[in-house]
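Listed below, chain by chain, are the residues.
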Amino acid sequence: MKRITKIFLIVLFLALLAVPLVVKRFYNSAESEIDTETAMQRYGFYFEEVAKQSGVDFTHLAPKLDSKLENIMPQIASMGAGVSIVDFNKDGWNDIYLTNSGEGSQNALFKNNTDGTFSDVAKDLGIADVNQKESGVSMGAVWGDYDNDGFEDLLVYKWGKTQLFKNNGGTSFTAVEAGLPVWANINSGIWFDFDRDGRLDIFLGGYFPENLNLWNLENTRIMPESFEYAKNGGRKYLYRNLGGGRFEEVSKQFGIDSNRWALAAAAADITGNGFPDLFVSNDYGISELYLNDGGKRFIDASETSGIGFSPKSGMNASFGDVLNDGQLAIYESNISEEGILLQGNNLWMPRRNSSGMEVKFDNLASDFGVDHGGWSWGAQFGDLNNDGNLDIFLTNGYVSADRNSSYWYDFAKVTVGNNTIIGDAANWSPMNGRSLSGFQRKKVWINDGFGKFNEVAQMVGVNETFDGRAVAVADLWNRGVLDVVVANQNAPVLIYKNTVTPENGWIAFAFEDGNPIGARATIFWDGKRQTQEIHGGSGYCAQNQRRFHFGLGRAESVEKAEIRFPDGSTKVIENPERNKLHLIKRDF
Amino acid sequence: MSTNSASLTPVKVSSDVIPTKMFGIDSRFIAPILITLILLGGQISFGILESFLQTAVAILTSIIFEIVLSKITLNKFPHLASAYISGISVGILVRSPDIYWTFALCAAISITSKYVLRVKDRHIWNPSNFGICAMLFLAPYAVASLSIQWGNNLYAMAVIWILGSVIIYRLKRFHITLTYVISFFVFSYFRSLYTGDPYFAEIAPITGAMYQLFIFFMITDPKTTVRYSKSAQIGVVILIAFVELIFRLFEVVHAPYYALFIVGPVANLVDIYCLSRKSGA
């Protein structure tokens, strides 16, 4: 070989080896803290964590399950911190409901005192004491007015007995026996009116199989049969609201028959036929998309839509019109740990030339820059800086224990194993106080409106590293901005109070009467448009406010707002006033 | 993984003589066919790949680099079986969601290493092992390694084990695979005793897909296994399993790759020295 050829080969080789070091510079997100004034100038907003100072002093506790699971207890008892936003007394101010999971622990309903503070009224109203070994412990809660009396009722889904509480005019609650599962290990629940009959129905997604009582196990064969292809999880329930406080379980009859390990669910009208479609984010496998065929049945479009390939560890389901084109994308969180397991989060974008029941999705998370989270959990879309584009708030972190000791090696060792090994908790190495993707930072991704998101969490004041689970966005103090509540596992709840540059305008719509879940709004302004829907649960064990909140950027006016009510009727509001919460009354 | 096809430069050592035909097919194509079947079976049954495109990028890059570098350095058109296997191995073993450059780069590094890291006209690292280790070292932010099963039952695994074993046996490399598997199970027992972890936890990795590719394609690669004798091959593979044991005791996730990365070239250098002394004598 000639000398020059040798030199060329060596230079080429070294150049190839240097490429990752160069590319790494583009992967590093900004990790410096800046003062609030600079954050305001650069990004148009900043957060201040105010939970305790606003009276929300709440720490989640994990359950203590059967001692047979002691070797990996932190891994199993790793869920249950949920948050849902509700205006339970219809005073026009958002309140916060938080779930707890320790046996004997109390859930909390933080009533908005309208002066910047909250007070826990759950105990007085009879919706606190719901976590007992005998009846199970909370995993999350969602609110919906199932009896159409104008007040939202409470559904608490649990590892145990799911409970429904009727809201008595915002002054008390009554437990209702509605025929919901007597015992199931539910990790996701939503309200939605799938048949558009004017009565809210319920979807519940099981995680562990329903025949397991996690406090009293016969044996340790309770784990998924595979890390990415498991179908031995809990069943799914679809409860059709018959009226009069009665529900009928119709999942199989309507085409939902799955035993994947569901961790999150959300519904929105993806096909445009006016009926809510259902997305279920599954751990240990592919996720599922059920398209609603006019309220008559659900069609499993997981594979045909492109979503049902590439199994990962789905943990979130939220919808957002990220490109302001009227099409709802789905954000799904997964697991990413450098060098070990890089699933990447999914941003399922509807393909432009597909529509209706033939809708197709592509995962563009990497292109949009929202794939690398960590061990990701709940996420929500929301225009955090009111610039007219939907941003993403994502929380991360699994088990934070010993900072200097990681369980990842042992975790990775067993999760590749055959089902005879992975399926038995006794085969898993003891965690012994080690962390597993612990102490992870949250991500705040700001949408530039052109298909790219920039991560700014630390720079806008989001620094806490508790093991985040549920995220909910709401305007907590009626200021025309979206605040963020994060429920953390085994840790205090966080409330990020948002301050947004006054140069950016906003407009919001709330419903004066009727059930808002499933309503859809599209606003047109400054040559743009954005579509949002109101959900009866989204993200991970979370529920956002029941209002539409749109950022407007510096636009001075809004051309019109098109509102589609859950029953399909529509209303157009011409030139709605900027920087105002509009109360919508349906024209019957 | 480089290739299980016959050496481009035949070495007259009994343990390394590979039949020129198998099942009526040029034996150089056997390994590529097997690994392609595994890929297709895995993808159709369980969707093991993030996308076919990523694997295609790896294969294409591999082949292009092989052709170009072979023309530049040897002025000849190479047999492409080796590059194909390197490419497809990278395409399966590298996990890098929705990113394509990592596949191209890993394949490029793998093939280029073959032409740069040479002693006495032999490349001393298994190309795809080198490429994957390089990426895991240098780009952990963008790359992980295959960490799943072929589905959730024993049947898919059994098919691959049986098919792989038959072919490896016909290629006269089965002793390498068998030695490694036995060593892994034995060392797992000692690891279990030392760490107190369940024995099943220790043997779990070998039931996964990554190990099947590692066992049938990477450690048996004729170009980068020693040629001195069959016992030498067995000794080297025991050493690989032993170094892996050490890495595992230090909780290194990619222990088998790194063990081969270290032991492979050292063994090849010793092999080259011994063979040259033998031929000199």
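Residues numbered from 1 in each chain as written. Chains lettered and ligands numbered in written order. Predicted model: local features only at pLDDT ≥ 70, side-chain atom pairs only at ≥ 80, totals over all residues. Heavy atoms only, no water.

**Q** Just to check I follow, could you spell out the overall build of chain B for this structure?
**A** Of the regular secondary structure elements, chain B holds 11 helices and 6 strands. Among the 281 residues that make up chain B, the fraction classed as buried is 60%. Residue pairs in contact within chain B that sit at least 24 positions apart in sequence constitute 75% of those at least 6 positions apart. Accessible surface computed for chain B: about 10,600 Å², of which carbon and sulfur atoms make up 72%. (Helix = DSSP H or I, 4+ residues; strand = E, 2+ residues; numbered from the N terminus. Buried < 20%, exposed > 50% of the residue type's maximum accessible area, 1.4 Å probe, protein only. Contact = heavy atoms within 4.5 Å. Areas by Shrake-Rupley, 256 points an atom, 1.4 Å probe, with all protein chains shown as cover.)

**Q** How should I be thinking about the interface of chain B and chain A in this particular structure?
**A** How big an interface is tends to be reported as the loss of accessible area on association of its parts. Contacts between the two partners involve 56 residues from chain B and, on the opposite side, 52 residues from chain A. With both sides pooled, the region where chain B packs onto chain A buries about 4,500 Å², and carbon together with sulfur makes up 64% of that total. Run the count over chain B and chain A and you get 3 salt bridges. Counting the contacts that link chain B with chain A gives 10 residue pairs in polar contact (both at pLDDT 80 or more). Those elements that place two or more of their residues in the side of chain B that touches chain A are helix 2 (52–74), helix 4 (101–116), helix 5 (127–138), strand 6 (144–145), helix 6 (154–170) and helix 8 (199–203) of chain B. Considering each element in turn, the side of chain B that touches chain A owes the most residues, 8 residues, to helix 4 of chain B. A per-class count over the side of chain B that touches chain A returns 36 nonpolar, 13 polar and 7 charged. (Buried area = accessible area lost by both parts, 1.4 Å probe. Salt bridge = Lys/Arg side-chain N within 4 Å of Asp/Glu carboxyl O. Polar contact = N/O pair within 3.5 Å; in protein donor to acceptor, adjacent residues only side chain to side chain. Nonpolar A, V, L, I, M, F, W, Y, C, P; charged D, E, K, R; others polar.)

**Q** Even after reading the chapter, I still don't get the sheet that holds strand 2 (residues 83–86) of chain A, so can you show me in this structure?
**A** Through backbone hydrogen bonds, the strands of a sheet pair up, either in parallel or in antiparallel fashion. Residue and element names in this part refer to chain A. Strands sit in the order 5-4-3-2-36 across an open sheet of 5 strands; the sheet is mixed. Edge strands, defined here as strands with exactly one partner in the open sheet, are strand 5 (118–120) and strand 36 (542–543). Bridge analysis of strand 2 against strand 36 gives 2 bridges, and the strand direction is parallel. Within strand 36, the position partnered with Val83 by the bridge is Ala542. (Pairing = 2+ DSSP bridges.)

**Q** Sorry if this is basic, but what is going on with the pairing of strand 28 (residues 443–447) of chain A here?
**A** All names here are of chain A. Counting buried positions along strand 28 gives 5 out of 5 residues, so the element sits mostly inside the fold. Two strands pair when backbone bridges link them, and strand 25 (residues 391–396) and strand 28 are joined in this way by 3 bridges, in the antiparallel orientation. Counterpart to Ile392 in the pairing with strand 28 is Trp445. Here strand 28 runs beside strand 29 (residues 453–455); their pairing, made up of 3 bridges, is antiparallel. Bridging across to strand 29, Trp445 finds its partner in Glu455.

**Q** I'm lost on unusual backbone geometry in this one. Help?
**A** Across the chain, the bulk of peptide bonds are trans and the bulk of non-glycine residues have phi less than zero. Residues and elements named next belong to chain A. Unlike most non-glycine residues, Ser437 shows phi in positive territory, near 50°. The topology assignment puts Ser437 in the loop between strand 27 (434–435) and strand 28. The backbone of Cys541 shows a phi angle near 45°, a positive value even though the residue is not glycine. Considering the arrangement of structural elements, one finds Cys541 in the loop between strand 35 (528–533) and strand 36.

**Q** It is not clear to me how the confidence of the model for chain B should be interpreted in this structure. Could you clarify?
**A** Should the pLDDT be low somewhere, the predicted coordinates at that spot are not to be read in detail. All names here are of chain B. Within chain B, residue pLDDT values average 87, and 89% of them lie at 70 or more. In this model, residues 2–15 is a region of pLDDT below 50 whose contacts with residues beyond four sequence positions or in other chains number 52 contacts. Here the predicted complex carries an ipTM of 0.89, next to a pTM of 0.94. (pLDDT = per-residue confidence, 0-100.)

**Q** Please clarify how the pattern of salt bridges should be interpreted in this entry.
**A** Where charged atoms from two side chains of opposite charge approach closely, those side chains can pair. Scanning the entire structure with this criterion turns up 29 salt bridges over all chains. Note that Asp293(A) and Arg297(A) form a salt bridge whose closest N and O atoms lie 2.8 Å from each other. A relative accessible area of 43% places Arg297(A) in the partly exposed class. Each of Asp410(A), Lys413(A), Arg434(A), Arg191(B), Asp197(B), Glu202(B) and Glu251(B) takes part in a single network of salt bridges with overlapping partners.

**Q** What should I look at first to understand the side chain of Asn386(A) in this one?
**A** All names here are of chain A. Inspection of the secondary structure puts Asn386 in the loop between strand 24 (376–382) and strand 25. A polar contact is formed between the side chain of Asn386 and the side chain of His549, at a distance of 2.8 Å. Discounting residues that sit within four places of it in the chain, Asn386 has contacts with Gly480, Val481, Val500, Asn504, Gly505, Trp506, His549, Gly551, Leu552 and Gly553.

**Q** For this particular structure, what's the right way to read the sheet that holds strand 17 (residues 298–300) of chain A?
**A** Residues and elements named next belong to chain A. Read across the open sheet, the 4 strands follow the order 14-15-16-17; overall the sheet is antiparallel. Because the sheet does not close on itself, it has two edges, and the strands there are strand 14 (261–268) and strand 17. Going across the sheet, the axis of each strand differs from the next one's by a mean of 25°, ignoring polarity. (Axes fitted to C-alpha atoms, helices over the stretch in contact; angles between N-to-C directions.)

**Q** I keep staring at the packing of helix 9 (residues 209–218) of chain B against helix 11 (residues 255–280) of chain B and nothing clicks. Help me out?
**A** If you want to describe how two helices pack, look at the angle between their axes and the distance between the axes. All names here are of chain B. Axis separation between helix 9 and helix 11 bottoms out at 11 Å; the angle between their running directions is 20°. Taken together, helix 9 and helix 11 sit at an angle that is classed as roughly parallel. Facing helix 9, whose interface residues are Met210, Tyr211, Phe214 and Met218, helix 11 presents Pro256, Tyr257 and Leu260. The class makeup of the residues in the contact of helix 9 with helix 11 is 7 nonpolar, no polar and no charged. (Parallel < 35°, antiparallel > 145°, perpendicular 65-115°, else oblique.)

**Q** How should I be thinking about the packing of helix 6 of chain B against helix 7 (residues 174–195) of chain B in this particular structure?
**A** Residue and element names in this part refer to chain B. Following both chains from N to C, one finds helix 6 and helix 7 inclined at 135°, their axes separated by 8 Å at the closest point. The angle between helix 6 and helix 7 places the two elements in the oblique class. On the side of helix 6, the interface is formed by Trp161, Ser165, Ile168 and Tyr169, while helix 7 contributes Phe174, Thr177 and Val181. Of the residues in the contact of helix 6 with helix 7, the class split is 5 nonpolar, 2 polar and no charged.

**Q** Can you help me understand the nonpolar core in this one?
**A** Nonpolar side chains tend toward joint burial in soluble globular proteins. Counting 102 residues, the largest nonpolar core has Ile96(A) and Trp191(A) as its most contacted members. With 4 residues, helix 6 (residues 408–415) of chain A is the largest single contributor of residues to this core. The residues touching Ile96(A), leaving out its near neighbours within four places in the chain, are Val83(A), Ser84(A), Ile85(A), Ala108(A), Leu109(A), Phe110(A), Phe118(A), Leu476(A), Val485(A) and Ile495(A). Counting residues in each nonpolar core, the second largest holds 83 residues, with Leu17(A), Ala58(B), Tyr141(B) and Ile215(B) among its members. (Core = buried A, V, L, I, M, F, W, Y, C linked by side-chain atoms within 4.5 Å.)

**Q** It is not clear to me how the side chain of Asn131(A) should be interpreted in this structure. Could you clarify?
**A** Residues and elements named next belong to chain A. Relative to the elements of secondary structure, Asn131 occurs in the loop between helix 4 (122–125) and strand 6 (136–144). A polar side-chain atom of Asn131 sits 3.1 Å from the main-chain carbonyl oxygen of Ser105. When neighbours within four sequence positions are excluded, Asn131 is seen to be in contact with Asn100, Ser101, Gly102, Glu103, Gly104, Ser105, Gln106, Asn107, Gly136, Val137 and Ser138.

**Q** Sorry, what's going on with the packing of aromatic side chains here?
**A** Aromatic rings in a pair are described by how distant their centres are and how their planes are angled relative to each other. Taken as a whole and assessed by the stated rule, the structure comprises 55 aromatic pairs over all chains. Pairing Tyr97(A) with Trp143(A) gives two aromatic rings, centres 5.6 Å apart and planes at 85°, and the pair type is edge-to-face. Note that Tyr97(A) is positioned in strand 3 (residues 95–98) and Trp143(A) in strand 6, a separation of 46 residues in sequence. The pair formed by Tyr97(A) and Trp143(A) is uniform in burial state, with each residue classed as buried. A cation over an aromatic ring shows up here: Lys560(A) above the ring of Phe524(A), its NZ or CZ 4.9 Å from the ring centre. Cation over ring: Lys278(B) sits above Tyr228(B), and NZ or CZ is 4.6 Å from the ring centre. (Phe/Tyr/Trp six-rings, centres within 6.5 Å; stacked < 30°, edge-to-face > 60°. Lys NZ or Arg CZ within 6 Å of the ring centre and 35° of its normal.)

**Q** Just to check I follow, could you spell out a nonpolar patch on the surface for this structure?
**A** Residues and elements named next belong to chain B. Among the surface-exposed residues, Leu178, Ile182, Phe185, Val186, Tyr189, Phe190, Leu193 and Tyr199 lie close enough to one another that they form a single nonpolar patch of about 730 Å² accessible area. Tracing the backbone shows Phe185 in helix 7. The class of Phe185 is partly exposed, set by a relative accessible area of 30%. (Patch = residues over 30% accessible without salt bridge, like charges linked within 9 Å, V, L, I, M, F, W, Y side chains within 5 Å.)

**Q** Honestly, the pairing of strand 13 (residues 246–249) of chain A in this entry has me stumped. Any pointers?
**A** Residues and elements named next belong to chain A. Summarising the sheet, strand 12 (residues 236–243) and strand 13 pair through 4 bridges and their orientation is antiparallel. Across the sheet, Arg240 pairs through a bridge with Glu248, a residue of strand 13. Connecting the antiparallel pair strand 12 and strand 13 is a turn made up of 2 residues, with Gly244 showing a positive phi of about 65°.

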